[in-house]
Amino acid sequence: MSSHNITTPRGSIVQTTTKSGKVKAELTWNPDFSPKRTQSFNRAQKFVDSEVLRYCSALVPFQTGMLDRSGKLGTVIGSGLVQYIAPYAAAQYYDTATSRPYDANRGAQWFERMKVAYKRDILDGAKKML
């Protein structure tokens, strides 16, 4: 699984001279900041990836179910990259109608259509984790 690490600077010392003398200031980061932020970011990314797959599932063209399953198989949850790996996925996404006679919700451009409908829900859920 791919994870994203948040890093912080080591810290710095700033020294300035004023009319009354020198002033020294030291900036240090809380040592828990980076691991906690990395953990919450990775948890939020897993949530986003899972929700994208979940909401897209009802919009993906469906004949045997393999196209939908190829999204689950081709995606590493938490990587930030959702991939439909069926050989015909790109053709179904870009080169077909946006609805089907058997289900008007299923068709091409399922990710774009999912974003219009559920983007706010996904972003709000991710914000709660951060």
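This text follows the structure it describes.
A quick note: this is a predicted structure, and the numbers were derived from the prediction, not measured.

Draft legend 1. Examining the packing of aromatic side chains more closely. Applying the stated criterion across every chain, the model contains four aromatic pairs. Judged by centre distance (3.9 Å) and plane angle (5 degrees), the rings of tyrosine 55 and tyrosine 118 are stacked. Here tyrosine 55, found in helix H1 (residues 33-57), pairs with tyrosine 118, found in helix H4 (residues 110-129); they are 63 residues apart in sequence, far enough to count as distant. We classify tyrosine 118 as partly exposed; its relative accessible area is 29%. Look at tyrosine 93 and tyrosine 94: their rings are 4.8 Å apart centre to centre, the planes differ by 80 degrees, and that puts the pair in the edge-to-face class. In textbook terms, an aromatic cluster arises when at least three aromatic residues are bridged by ring pairs, as seen for Tyr84, Tyr93, Tyr94 and Trp110. A cation over an aromatic ring shows up here: arginine 54 above the ring of tyrosine 55, its NZ or CZ 4.4 Å from the ring centre.

Draft legend 2. Quick look at the pattern of salt bridges. Using the criterion set out here, one finds five salt bridges in the structure. Across the pair arginine 54 and glutamate 51 runs a salt bridge, and its minimum N-O distance is 2.8 Å. Here arginine 54 pairs with glutamate 51, and both are found in helix H1, just three residues apart, close to one helical turn. Residue classification places glutamate 51 among the buried positions, given a relative accessible area of 13%. Residue lysine 115 pairs with glutamate 112 through a salt bridge whose shortest N-O separation is 3.3 Å. Pair noted here: lysine 115 and glutamate 112 are both in helix H4, with a separation of three residues, about one helical turn. For glutamate 112, a relative accessible area of 36% translates into the label partly exposed.

Draft legend 3. Expanded view of helix H2 (residues 66-74). Buried within H2 we find Leu67, Asp68, Ser70, Gly71 and Gly74. Relative to the axis of H2, the buried residues are bounded by an arc of 155 degrees and lie together on one face. Summarising the contacts, the buried residues of H2 are in contact with H1, helix H3 (89-94) and H4.

Draft legend 4. Spatial organisation of unusual backbone geometry. One non-glycine residue with positive phi stands out, namely glutamine 109, at about 55 degrees. Looking at where glutamine 109 falls in the secondary structure, it is placed in the loop between H3 and H4. The class of glutamine 109 is partly exposed, set by a relative accessible area of 26%.

Draft legend 5. Quick peek at the nonpolar core. With 14 residues, the main nonpolar core has Cys56, Val60, Leu67, Tyr84, Trp110 and Met114 as its most contacted residues. Those elements giving two or more residues to this core turn out to be H1, H3 and H4. When residues no more than four places from it in sequence are discounted, the contact partners of cysteine 56 are Tyr84, Trp110, Phe111 and Met114.

What counts and what doesn't
- Residues numbered from 1 in each chain as written.
- Predicted model: local features only at pLDDT ≥ 70, side-chain atom pairs only at ≥ 80, totals over all residues.
- Heavy atoms only, no water.
- Phe/Tyr/Trp six-rings, centres within 6.5 Å; stacked < 30°, edge-to-face > 60°.
- Helix = DSSP H or I, 4+ residues; strand = E, 2+ residues; numbered from the N terminus.
- Buried < 20%, exposed > 50% of the residue type's maximum accessible area, 1.4 Å probe, protein only.
- Lys NZ or Arg CZ within 6 Å of the ring centre and 35° of its normal.
- Salt bridge = Lys/Arg side-chain N within 4 Å of Asp/Glu carboxyl O.
- Arc of directions from axis to C-beta.
- Contact = heavy atoms within 4.5 Å.
- Core = buried A, V, L, I, M, F, W, Y, C linked by side-chain atoms within 4.5 Å.

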